[in-house]
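Notes for the structure review
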Amino acid sequence: MVKVSAPGKLMLFGDHAVVHGRPCIVTAVNHRMSVEMEKREDSKIIINAPEMNINDYTVSTNELNKEHPKEVKFVAVAIKNFFEKYNLKSGLNIKTKSEFSSKFGFGSSSAVTVCTIKALSELFKIGMTEKEIFDLAYKTVLDIQGVGSGFDIAAAIYGGTLYFVTGGKTIEKLDMKNLPLIVGYTGIKADTATLVRMVAEKKKKNSYVDANFDLAEKIVFDAKLHLENDNHNVVGELMNSNHGLLNSLGVSSAELENLIHSAHKAGAYGAKLSGAGGGDCMIALAPEEKKEVVKKAIENAGGIIIPVETNAKGVRVEE
Ligand code: MEV
């Protein structure tokens with residue numbers, strides 16, 4: 001029996017632009033997903049995902065190609081891809097557990113995909129490298145969603161705070177302490193794939209979208225420097241600029257704007273949406289003495305504060 005856990009993530013800078021060849025900065029958060037796995041003597045794969053109300057979802061190893069319910073898709077396709085890559089086959093008992101709700105946009109699908117592949121690598125003694133896990137997990141997510149930069153998979157594997165370029169072309173750890181982020185959940189689940197496709201459509205029609213991404217890239221370069229130097233007031237300003245770019249792409253929402261505006265009014269250094277937009281979470285950075293006031297302001301504007309620590313550890317085998 002092996003148990004593996006991986007962290008969720010929050011995008012700090014470069015949302016959307018990272019789908020189109022630009023860099024982003026992502027931090028792993030201390031809300032983890034875990035997968036327990038053991039081999040079975042027969043050819044059944046039995047998945048339990050209590051938080052998703054999945055009890056004993058059962059397929060045989062020959063049925064991994066079929067269409068699976070969305071709650072178990074990432075686990076099932078990850079197993080299929082792993083078995084194909086290493087020419088293996090075995091029955092398995094699998095149990096997933098989440099410390100965070102899939103609705104926050106913390107990346108539960110990518111974290112569970114990474115946990116599944118790492119657990120298989122341990123169980124079958126393959127000793128996959130981090131990059132090999134990344135490539136197989138990224139393939140799995142693309143097989144299912146068709147779009148995505150892979151930044152969330154990198155955060156789940158490597159942990160910490162990463163400078164990441166589309167598809168894992170560059171994955172670099174920032175030398176940074178915990179960032180005192182304030183996270184406000186809008187209460188609305190974002191549809192990432194739809195928003196990513198909408199931005200891609202816009203990019204095809206309007207050349208300004210490329211210029212928008214170029215500016216986002218410049219912001220990411222500056223943010224990297226100022227994050228490493230703990231210049232939180234400048235990081236906050238850069239968050240505001242990045243949010244302006246995202247808003248101009250049409251991916252913000254009235255709820256996000258409301259929470260971001262309330263954070264500004266309460267004295268935050270800066271605030272922005274995090275991820276695809278349309279809902280999920282906003283993040284803010286504030287001077288230490290204003291943190292509580294900013295949190296209250298976000299709550300008064302209808303947001304739900306989610307306590308997070310940044311820079312969390314990447315995927316690991318649990319004893
Ligand atoms: C979604 O959380 C972040 C996007 O940049 C998509 C991606 O990078 O895969 C919008």
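Let's shift gears to the environment of A271. With respect to the element layout, A271 can be found in strand β9 (residues 270-274). In this structure, the C-alpha to C-alpha distance between A271 and V183, residues 88 residues apart in sequence, is 9.6 Å. If near-sequence neighbours (up to four positions away) are discounted, A271 is found in contact with G236, M239, N240, H243, I260, A263, H264, M282, I283 and A284.

Quick look at the pairing of strand β8 (residues 182-185) now. Both faces of β8 are covered, namely the face carrying I182 and G184 and the face carrying V183 and Y185. As judged from the four bridges shared by β8 and strand β10 (residues 281-285), these two strands associate in the antiparallel manner. Its bridge partner lying in β10, Y185 is registered against C281. Pairing of β8 with strand β11 (residues 304-305) involves two bridges; the strand directions are antiparallel. Bridge assignment links G184 to a residue of β11, and that residue is I305.

Attention now moves to the pairing of strand β6 (residues 161-165). Of all five residues that make up β6, five are buried, and the element is covered over most of its length. Burial along β6 is two-sided: T161, Y163 and V165 facing one way and L162 and F164 facing the other are all buried. One ladder, built from five bridges, connects strand β2 (residues 23-40) with β6; its direction is antiparallel. The residue bridging T27 from the neighbouring strand is T161, located in β6.

Before going further, it helps to spend a moment on the sheet that holds β9. A sheet is described by the order of its strands in space; here four strands give the open sequence β9-β10-β8-β11, paired in antiparallel fashion. Sheet topology places β9 and β11 at the edges, where each strand pairs with a single neighbour. This element, helix α8 (residues 254-265), spans β8, β9 and β10 of the sheet and lies at about 160° to β9. Against the sheet, helix α9 (residues 291-300) engages β8, β10 and β11, with an angle of about 5° to β8.

The next subject is the site of the ligand. In the vicinity of the ligand, 13 residues are found, and the nearest of them are H16, V18, G148, S149 and F151. With respect to the ligand, the backbone of H16 contributes an N or O atom lying 2.9 Å from an oxygen atom. In this structure, an oxygen atom belonging to the ligand sits 2.6 Å away from a side-chain N or O atom of S149. Alone, the ligand offers 300 Å² of accessible surface; in the complex the protein occludes 94% of this. Of all the secondary structure elements, the ones that give two or more residues to the shell around the ligand are β1 (2-13) and α5 (192-205). Per-class residue counts for the shell around the ligand are six nonpolar, five polar and two charged.

With that out of the way, let us pick up the packing of aromatic side chains. In the structure shown here, the tally under the stated rule is nine aromatic pairs. Centre to centre, the rings of F134 and F164 are 6.0 Å apart; their planes meet at 55°, and the pair counts as tilted. Here F164 lies in strand β6 and F134 lies in helix α3 (residues 130-145), a separation of 30 residues in the sequence. Like F134, the residue F164 is buried in the burial classification. Positioned over the ring face of F124 is K39, at 4.5 Å from the centre of the ring. The ring centre of Y163 lies 5.4 Å from the NZ or CZ of K224, which sits over that ring.

Remark: helix α1 (residues 73-86) packs on α3, axes separated minimally by 9 Å, with the N-to-C direction vectors making an angle of 125°. Looking at the two axes, α1 sits oblique to α3. Where α1 crosses over α3, the two elements pack in a sense that is right-handed. The residues of α3 that touch α1, namely those facing K73, F74, V77, A78, N81, F82 and K85, are L136, K139, T140, V141, D143, I144 and Q145. Class assignment for the residues of the contact of α1 with α3 results in seven nonpolar, three polar and four charged.

What follows covers the nonpolar core. The biggest cluster of nonpolar side chains holds 109 residues, and the ones touching the most others in it are F13, L92 and F106. When residues in this core are grouped by element, the largest group, eight residues, is from helix α2 (residues 108-123). Beyond its immediate stretch of four places on either side in the chain, F106 contacts G8, K9, L10, V29, H31, F100, V183, C281, I306 and V308.

One can find T170 in strand β7 (residues 170-173). The class of T170 is partly exposed, set by a relative accessible area of 28%. Distance from T170 to P23, taken between C-alpha atoms, is 8.4 Å for residues 147 residues apart in sequence.

Rules behind the numbers
- Residues numbered from 1 in each chain as written.
- Predicted model: local features only at pLDDT ≥ 70, side-chain atom pairs only at ≥ 80, totals over all residues.
- Heavy atoms only, no water.
- Helix = DSSP H or I, 4+ residues; strand = E, 2+ residues; numbered from the N terminus.
- Contact = heavy atoms within 4.5 Å.
- Buried < 20%, exposed > 50% of the residue type's maximum accessible area, 1.4 Å probe, protein only.
- Pairing = 2+ DSSP bridges.
- Axes fitted to C-alpha atoms, helices over the stretch in contact; angles between N-to-C directions.
- Near = heavy atom within 4 Å.
- Polar contact = N/O pair within 3.5 Å; in protein donor to acceptor, adjacent residues only side chain to side chain.
- Areas by Shrake-Rupley, 256 points an atom, 1.4 Å probe, with all protein chains shown as cover.
- Nonpolar A, V, L, I, M, F, W, Y, C, P; charged D, E, K, R; others polar.
- Phe/Tyr/Trp six-rings, centres within 6.5 Å; stacked < 30°, edge-to-face > 60°.
- Lys NZ or Arg CZ within 6 Å of the ring centre and 35° of its normal.
- Parallel < 35°, antiparallel > 145°, perpendicular 65-115°, else oblique.
- Left-handed = near helix turned anticlockwise from the far one by under 90°.
- Core = buried A, V, L, I, M, F, W, Y, C linked by side-chain atoms within 4.5 Å.

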